[in-house]
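Notes for the structure review
Next come the chains, spelled out residue by residue.
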Amino acid sequence: GGLVVSFGEMLVDFVPTVAGVSLAEAPAFLKAPGGAPANVSIAVARLGGEAAFVGKLGDDEFGRMLAAILRDNAVDDGAVVFDAGARTALAFVTLRADGEREFMFYRNPSADMLLTADELNVDVIKRAAVFHYGSISLIAEPCRSAHLRAMEIAKEAGALLSYDPNPREALWSSREEARIKILSIWDQADIVKVSESEVEFLTGIDSVEDDVVMKLWRPTFKLLLVTLGGQGCKYYARDFRGVVPSYKIQQVDTTGAGDAFVGALLRKIVQDPSSLQDQEKLEEAIKFANACGAITTTRKGAIPSLPTEIEVLQLMENA
Ligand code: ATP
């Protein structure tokens, strides 16, 4: 039990058929459904959890394809709305030689940016045990206001708010604008997950020492997580903190690892909310999330790589 509702963007990533080329050099592209909040909802459902996605798609073939992917993965798409006038967002994504991802977005504006507060499915949001979101949906109106309203509705109804900010700098007018807007909803969250590079982006300090991470802590938080790739994850709760190492795997493609990690953690938290107050239970939940993230890196793409609960438990047992 315990519904996880994810809010935000779902889009089609186009990924080169061959590795290590620039977008210009890519001979062809494969369609890969994505969008971090949508990935999280599918991660939860794949692990056997109850999940719903709230967002807007274009009333076009790609939009209908994405809604069908949610349904095929047992994610409730009843709160997905379609825009008759705008296209489903597209992103061309490639992994550069230095390992960094390069994005080229088609959002001018795309349907996801046009979700209005009036279009929110209040019933679904009110049923959330956890309401999860990122920061892409904060960039442009009217979606920004819809996002803020959805957070209010969820919080009023008693949901835990989970935030995974994502500084896609190319989508903001400046780096500073991104930082300020990402931090503008910081204090409302109960659970926040950042990566090492996001700690640097937000604090200006290239370190994940406790004193640096604690600059991002708020007294109202229940949990702050810093994912460390292959090193696992640091966690900060009200009364305890620590590091949980990840599992040894053969990494192929990290796309979706962070979303898999979040989905798995939220799945564990809705199953047993007392995990947030109990260090032993929390570490167990983080181990599960690390294993889920680790497995996702062993396969190409985000959604096709998300593991089932059995696969996650197998990796944990065999470690
Ligand atoms: P994304 O690449 O999706 O933006 P992220 O940067 O938020 O993700 P990472 O820190 O790369 O997230 O990975 C999330 C989690 O997945 C890690 O905390 C870890 O548990 C697991 N993970 C990622 N890479 C590896 C790896 N090479 N080996 C083991 N576990 C990994």
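Everything here concerns the structure above.
Predicted model, so just to flag it, every value in this text is computed and none were measured. (Residues numbered from 1 in each chain as written. Predicted model: local features only at pLDDT ≥ 70, side-chain atom pairs only at ≥ 80, totals over all residues. Heavy atoms only, no water.)

Things to note about the sheet that holds strand E3 (residues 29-34)
One key point about sheets: their strands pair by backbone hydrogen bonds, in either a parallel or an antiparallel sense. Overall, mixed pairing links the four strands, which are arranged E3-E2-E7-E8 in an open sheet. Taken across any chain shown, the strands that pair with only one partner, and hence form the sheet edges, are E3 and strand E8 (101-106). When strand polarity is set aside, the average angle formed by the axes of neighbouring strands in this sheet is 25°. With six bridges joining them, strand E2 (residues 11-16) and E3 adopt antiparallel strand pairing. If you follow Leu11 over to E3, its bridge partner there is Gly34. Contacts from helix H2 (residues 61-72) reach E2, E3 and strand E7 (90-95), with the element oriented near 95° to E2. (Pairing = 2+ DSSP bridges. Helix = DSSP H or I, 4+ residues; strand = E, 2+ residues; numbered from the N terminus. Axes fitted to C-alpha atoms, helices over the stretch in contact; angles between N-to-C directions. Contact = heavy atoms within 4.5 Å.)

Details of the site of the ligand
As a matter of local geometry, the ligand sits amid 20 residues, with Lys193, Gly229, Ser246, Gln251 and Asn290 nearest to it. Gly258 has a polar backbone atom sitting 3.1 Å from an oxygen atom of the ligand. Contributions of two or more residues to the shell around the ligand are made by strand E11 (191-195), helix H8 (257-271) and helix H9 (279-297). Residue contributions to the shell around the ligand peak at four residues, all from H9. Considering only residue class, the shell around the ligand consists of five nonpolar, 13 polar and two charged. (Near = heavy atom within 4 Å. Polar contact = N/O pair within 3.5 Å; in protein donor to acceptor, adjacent residues only side chain to side chain. Nonpolar A, V, L, I, M, F, W, Y, C, P; charged D, E, K, R; others polar.)

Remarks on empty space enclosed by the protein
For the structure shown, the criterion picks out two cavities of 30 Å³ or more. Of the pockets and cavities examined, the largest cavity occupies roughly 50 Å³. Lining the largest cavity, in full, are His132, Ser162, Tyr163, Ile191, Val192, Lys193, Leu225, Phe261, Val262, Leu265 and Leu266. When residues of the lining of the largest cavity are assigned to their parent elements, the largest contribution, four residues, is made by H8. (1 Å grid on protein atoms, 1.4 Å probe; cavity = no way out; pocket = protein on both sides within 12 Å on 5 of 7 lines; lining within 4 Å. Points joined across faces, edges and corners; volume = space filled by probe spheres on them.)

Observations regarding the packing of aromatic side chains
One pass over the structure, following the stated rule, counts 12 aromatic pairs. Judged by centre distance (5.1 Å) and plane angle (85°), the rings of Phe29 and Phe92 are edge-to-face. With Phe29 in strand E3 and Phe92 in strand E7, this pair connects stretches of sequence that are 63 residues apart. For Phe92, a relative accessible area of 17% translates into the label buried. An angle of 65° between the planes, with centres 6.5 Å apart, marks the rings of Tyr235 and Phe240 as edge-to-face. (Phe/Tyr/Trp six-rings, centres within 6.5 Å; stacked < 30°, edge-to-face > 60°. Buried < 20%, exposed > 50% of the residue type's maximum accessible area, 1.4 Å probe, protein only.)

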